[in-house]
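Next come the chains, spelled out residue by residue.
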Amino acid sequence: MRKIKEMLASFARPRFDWLQIEVAGVCNAACGYCTLSCYKGAREGGLMDMGTFERIEPYFSRAGLVFLQGWGEPLLHPQFWEMARRAKASGARVGFTTNGMRLDATHLARLLDTSIDIMGVSIAGTTAATSDRWRQGCDFTRVGAVLAELKRMKDTRVGEGPDVHIAYMLLASGWRELEGLPALAEAWGAREVVVNNLSFIADPAQQQESLFERPDLWAPVLEQIETVREEAARRGIRLHYYRPDRTEPHALCTENVLNACFVSWQGDVAPCVLSNHSIKAGAAPVHYFRGQSYPVAICVFGNVNETPFEAIWKSDAARAFRAAYVRRQKREHPGTDGLPEPCRHCYKLYEP
């Protein structure tokens, strides 16, 4: 009977496609489109306490992927590799995204020895002039040299090392640089490229940099994307892209909020990284959606330092949030009624 109860309890525990864990809420770069830069002074920043990490750790085995990154640079955490090792020990796949500026010989060796599955590297163009202009504090040329060295190291240790992914921020002013992605990915040893739209606009001057605000560019950009996708495929590289849309919101968003969640460096559990910006009490930053400004709202179900993670996931607030998305799938025109503020004005609902 005891074994049966344990088995039933195990089945009742939540399962996730992925858990996104923000091990660092600070960064060593200042990217012009990132909320860490745009909301400087309005955000709380810091590193995840190991005790907070340990409160989430028992659930890693219930996730297909544990992704150790949020708004900040994960390699700034002095215990990052211990966190990665423990996440891997759970049996889950493990990944993170970095700006690459902390990748030196020591980190590359740790990267290979920890058996991390995915390492994403963020850029905002395929030339140093463009990417470094947007990503202050980053050095496109240096990162490329480090990744070329990682590729060489992986070639000498066949079967070891992470899949390198390029996380490419697509900005309207530089969309023509997409054509350089296949060759760049091959040179850097990347097996996958994820092209992202600027979906959270924190600076009013950047509204015209988001493809969501530039329907005049959709046709040429999509044509270029398909050409680039075909060329990448010939080189054995996968390319993913969600095209922008402005007609009406879709039933589900691309953040997979029914089967994933985000835990901030402070331990706050939220549906996704866009629904919790760690805003300081009393601060009132705004973001921009369809040409209008809206207060930055958060959607947090609880904090793991105060309430067990499973209880937060099963709380009334979390259940009600997921139920709203379940109901949306039954409607021909789901609209945004019943959604919390962060979702009602979020472009992630407009990516087919």
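Residues numbered from 1 in each chain as written. Predicted model: local features only at pLDDT ≥ 70, side-chain atom pairs only at ≥ 80, totals over all residues. Heavy atoms only, no water.

> So what's going on with helix H8 (residues 181-188)? Residues and values would help.
For an α-helix the count is 3.6 residues per turn, leaving residues at separations of three or four pointing the same way. Of the positions making up H8, those classed as buried are Leu181, Pro182, Leu184, Ala185 and Trp188. Mapping the buried residues of H8 onto a view down its axis gives an arc of 165°, with all of them on the same face. Remark: Gly189 follows H8 within two positions and exhibits a positive phi of approximately 75°. (Buried < 20%, exposed > 50% of the residue type's maximum accessible area, 1.4 Å probe, protein only. Helix = DSSP H or I, 4+ residues; strand = E, 2+ residues; numbered from the N terminus. Arc of directions from axis to C-beta.)

> Would you mind going over the packing of helix H5 (residues 105-114) against helix H7 (residues 140-156) in detail, with residue names and values included?
The geometry of H5 relative to H7 is characterised by a closest axis approach of 11 Å and an angle of 40° between their N-to-C directions. Classed by the angle they form, the pair H5 and H7 counts as oblique. Crossing handedness for the pair H5 and H7: right-handed. Listed contacts from H7 to Leu108, Ala109, Leu111 and Leu112 of H5 are Val146, Glu149, Leu150, Met153 and Lys154. Residue classes in the contact of H5 with H7 are distributed as seven nonpolar, no polar and two charged. (Axes fitted to C-alpha atoms, helices over the stretch in contact; angles between N-to-C directions. Parallel < 35°, antiparallel > 145°, perpendicular 65-115°, else oblique. Left-handed = near helix turned anticlockwise from the far one by under 90°. Contact = heavy atoms within 4.5 Å. Nonpolar A, V, L, I, M, F, W, Y, C, P; charged D, E, K, R; others polar.)

> Explain the packing of aromatic side chains to me, using residue names and the numbers behind them.
The full count for this structure, using the stated rule, is 17 aromatic pairs. Considering the side-chain rings of Trp81 and Phe96, the 6.3 Å spacing of their centres and the 85° angle between planes classify their relative orientation as edge-to-face. Taken together, the residues Trp81 in helix H4 (residues 80-89) and Phe96 in strand S4 (residues 93-98) connect sequence positions 15 residues apart. Note on Tyr347 and Tyr350: the rings are 6.4 Å apart at their centroids and 75° apart in plane angle, and the pair reads as edge-to-face. Like Tyr350, Tyr347 is buried. Among the aromatic residues, those joined into a ring-pair cluster are Phe212, Phe289, Tyr294, Tyr347 and Tyr350. Cation over ring: Arg322 sits above Trp313, and NZ or CZ is 3.9 Å from the ring centre. (Phe/Tyr/Trp six-rings, centres within 6.5 Å; stacked < 30°, edge-to-face > 60°. Lys NZ or Arg CZ within 6 Å of the ring centre and 35° of its normal.)

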